[in-house]
Amino acid sequence: MKTPKTLFLAWQDPNTRSCFPIGRLTFDGMSYQFVYTQGVKEAQQKCGFEPLSSFPELNKVYTSTQLFPVFSNRLMPRSRPDYSSFIQWLNIPEHEDDPIAMLARSGGQRETDTLTVFPRPEPDSNGRYHFHFFSHGLRHLPQCAIERINLFVPEEKLWLSHEFQNPYDSQALTLNTEDHYIVGYYPRYLRGELFKLLWQDPSLVDLRVERVNRPPTPLQFRLLCNINAQCKDGFHPFSSQEYQPLIEEDMILETML
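Residue positions within a chain follow its written sequence, with the count starting from 1. Since the coordinates come from a predicted model, pLDDT governs what is reported: local features require at least 70, and pairs of side-chain atoms require 80 or more to be given and counted, while whole-chain, interface and lining totals use all residues. Water and hydrogen atoms were dropped before computing side-chain values, which therefore reflect all heavy atoms in the structure.

## Description of the state of the cysteines
Moving on, step 1. Here, the term disulfide refers to a pair of cysteine sulfur atoms separated by no more than 2.5 Å. What the rule picks out here adds up to zero disulfides.
Moving on, step 2. You can see Cys-47 has no disulfide; the closest cysteine sulfur is in Cys-19, sitting 9.6 Å from it.
Moving on, step 3. Looking at Cys-144, it has no disulfide partner, and the nearest cysteine sulfur is the one in Cys-225, 17 Å off.

## Observations concerning the pattern of salt bridges
Moving on, step 1. We count a salt bridge whenever a side-chain nitrogen from Lys or Arg sits within 4 Å of a carboxyl oxygen from Asp or Glu. This model, assessed by the stated rule, comprises ten salt bridges.
Moving on, step 2. For Lys-157, the salt bridge identified is with Asp-206, shortest N-O distance 2.9 Å. Of this pair, Lys-157 sits in strand β7 (residues 157-162) while Asp-206 sits in strand β10 (residues 205-212); the two residues are 49 residues apart in sequence, bridging distant segments of the chain.
Moving on, step 3. You can call Asp-206 buried: its relative accessible area is 17%.
Moving on, step 4. When salt bridges that share partners are traced, they join Arg-148, Glu-156 and Asp-179 into one network. Secondary structure elements follow DSSP: runs of H or I of four or more residues count as helices, runs of E of two or more count as strands, with numbering from the N terminus. Throughout this description, buried means an accessible area under 20% of the type-specific maximum (1.4 Å probe, protein chains only), exposed means over 50%, and partly exposed covers the range between.

## With respect to the sheet that holds strand β11 (residues 223-230)
Moving on, step 1. Pairing is antiparallel across the open sheet formed by six strands, whose spatial order is β6-β11-β10-β7-β8-β9. Because the sheet does not close on itself, it has two edges, and the strands there are β6 (128-134) and β9 (182-185). Strand-to-strand twist across the sheet, computed as the mean angle between neighbouring axes with direction ignored, equals 35 degrees. In short, DSSP must find at least two bridges between two strands for them to pair. Lines fitted to C-alpha atoms define the axes, with helix axes restricted to the stretch in contact, and inter-axis angles between N-to-C directions lie between 0 and 180 degrees.

## Quick look at the nonpolar core
Moving on, step 1. Membership of the largest hydrophobic core comes to 35 residues, with the highest contact counts inside it found for Phe-118, Phe-133, Ile-149, Phe-152, Tyr-186, Leu-190 and Leu-223.
Moving on, step 2. We call a set of buried Ala, Val, Leu, Ile, Met, Phe, Trp, Tyr and Cys residues a nonpolar core when their side-chain atoms join them within 4.5 Å. Listed in part, the 28 residues of the second largest apolar core include Trp-11, Phe-20, Leu-25 and Phe-34.

Limitation: the analysis is restricted to geometry and does not speak to function.
Encoded structure:
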């Protein structure tokens, strides 16, 4: 059986800004399937998360031959005149711009809600994981930092720093250049897995510039980065309990037969 493409859905509490992986979307080439993950329980307990109107029952497998509206509404319509520019911002070849690939690269973020989409990476032939993300928080940076971003070239190396004394977020990770510019923040919803990798061995994580989309591209799509990571001791990103389905896997499989 072909391995389904997998995306996770993260929810950010608007008050505490805490992020939780709450759902999993898969596509096997024929149909889409959505289930809530164990992370939804922590979101409920800590921040009072309520089930999404599109998926009102926590212990249910949702299936459809069409992409669910909560995800499809996060895609730019092909009819938009700036669609080709958007694909370039994401650095996706036009013949590979399927909905899952676009959501995985763009994050599917909208200003009107608190949901984000991100992919489950698969290891390459060398056992390395590759992950793309757009730098966050650029609107909070000084103009000199934005000007430095505009000078980036592909594959330029970046470094991560932990802002222990950040009064708003003690777990914040900044993206830094060799000449000591802060050029954004690593996404909150991805930090847990990255911290695990860094505690294993920081040298196994390589952070680079993938693409710079110069003005007038919106800041949220200005700096595309990529991380390559060599995992040790059998570690697989996004495989911890919070990413596991809320219901039993055999119940999920029954819906696919």
